[in-house]
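Read off the chains here:
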Amino acid sequence: FSSAERGLAVLLDVLDAVGVKGTFFVEGRTSETIDCSGLSGHCVGFHGYDHEDLSGQSTGVTYTRDEVESILRRGFDSVSDNISRPTCFRAPYMVRNGHVESFLPELGVFHDSSSYGDLGAEPFDLGNGVMEHPVPKTTDGSGRSMAAYLWPMHEGKRPPSDYVAMASRMEHGQLILATHTWHMVEWRERGMMGPDEVRRNADHVAEVLSGIL
């Protein structure tokens, strides 16, 4: 939680400097635990309550519709109470089950971004009035698979220019860049980043956004 809060402040500073508004998918428990007051003026979505794998793929747990409803409502209500009413949803781990999209309209949520799609993919209706906004996935100039998730850049595995080049190839569709706030200040395996590494991350995100703009 401390990394999520610190990284959120860093990311918000970058967005403010570049002049871009973001969409933040917040878990219910996170909204109860950290200071999210800086999200005022940005779009707020929710991300479950405790980052539950609603598909059961990683746990082998199959959730009933009632259980999915309980998780989503708890997350939705918590984010509503602590930040603002969510207008969109992203499933933890980018996987959902059929119960999720059937329940979102009951919460008044009609935008979802829980899937990957080809570069240039347009938003599409899941069949119940909920629009799906896929995160682009493609190949880079060397033929390696890449998605519009920035974590490889935070880990030093991709330069900012890869994401700018990806965007430059789009002729239509919707470009969604994604990251995690905690990843601005913490390595997945190496722990907390030093001040120079945090500054590098902020500079890289700014370079991506400015390059695309």
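This is a predicted model, so every value here is computed, not measured.

Parameters at a glance
- Residues numbered from 1 in each chain as written.
- Predicted model: local features only at pLDDT ≥ 70, side-chain atom pairs only at ≥ 80, totals over all residues.
- Heavy atoms only, no water.
- Helix = DSSP H or I, 4+ residues; strand = E, 2+ residues; numbered from the N terminus.
- Rg over C-alpha atoms; globule rule 2.2 N^0.38 Å.
- Buried < 20%, exposed > 50% of the residue type's maximum accessible area, 1.4 Å probe, protein only.
- Contact = heavy atoms within 4.5 Å.
- Areas by Shrake-Rupley, 256 points an atom, 1.4 Å probe, with all protein chains shown as cover.
- Lys, Arg positive; Asp, Glu negative; His and termini not counted.
- Charge placed at Lys NZ, Arg CZ, Asp CG, Glu CD.
- Salt bridge = Lys/Arg side-chain N within 4 Å of Asp/Glu carboxyl O.
- Arc of directions from axis to C-beta.

1. Examining the overall build of the protein
Here is step 1: Of the regular secondary structure elements, the protein holds seven helices and ten strands.
Here is step 2: Computed over its C-alpha atoms, the radius of gyration of the protein comes to 17 Å, within 12% of the 17 Å expected for a compact globule of 213 residues.
Here is step 3: With the principal axes as the frame, the protein shows a C-alpha extent of 45 × 35 × 35 Å.
Here is step 4: For the protein, the proportion of its 213 residues judged to be buried stands at 46%.
Here is step 5: Across the protein, contacts joining residues at least 24 apart in sequence account for 57% of those joining residues at least 6 apart.
Here is step 6: Counting only carbon and sulfur atoms, one obtains 49% of the accessible surface of the protein, whose full area is about 10,300 Å².
Here is step 7: Between the mean site of the 18 positive side-chain charges and the mean site of the 31 negative ones, the protein shows a separation of 4 Å.

2. Overview of the pattern of salt bridges
Two side chains bearing opposite charge may form a pair once their charged atoms approach each other closely.
Here is step 1: The full count for this structure, using the stated rule, is eleven salt bridges.
Here is step 2: A salt bridge links R96 to E101; the shortest N-O distance between them is 3.0 Å.
Here is step 3: Its relative accessible area of 22% is what places R96 among the partly exposed residues.
Here is step 4: Note that E197 and R190 form a salt bridge whose closest N and O atoms lie 3.9 Å from each other.
Here is step 5: Via salt bridges that share partners, R96, E101, D112 and E132 belong to a single interconnected network.

3. Points about unusual backbone geometry
Here is step 1: With a phi angle near 55°, H51 is a residue other than glycine that sits in the positive phi range.
Here is step 2: For H51, a relative accessible area of 25% translates into the label partly exposed.
Here is step 3: Unlike most non-glycine residues, M94 shows phi in positive territory, near 60°.
Here is step 4: For M94, a relative accessible area of 10% puts it in the buried group.

4. Looking at helix α6 (residues 160-168)
Here is step 1: Listing the buried residues of α6 in full gives P160, D162, Y163, M166 and A167. The buried residues of α6 occupy an angular sector of 160° when projected down its axis, which confines them to one face.
Here is step 2: In this fold, the buried residues of α6 make contact with β7 (135-139), β8 (145-147), α5 (151-154) and α7 (195-212).

On their own, these measurements won't tell you what the molecule is for.
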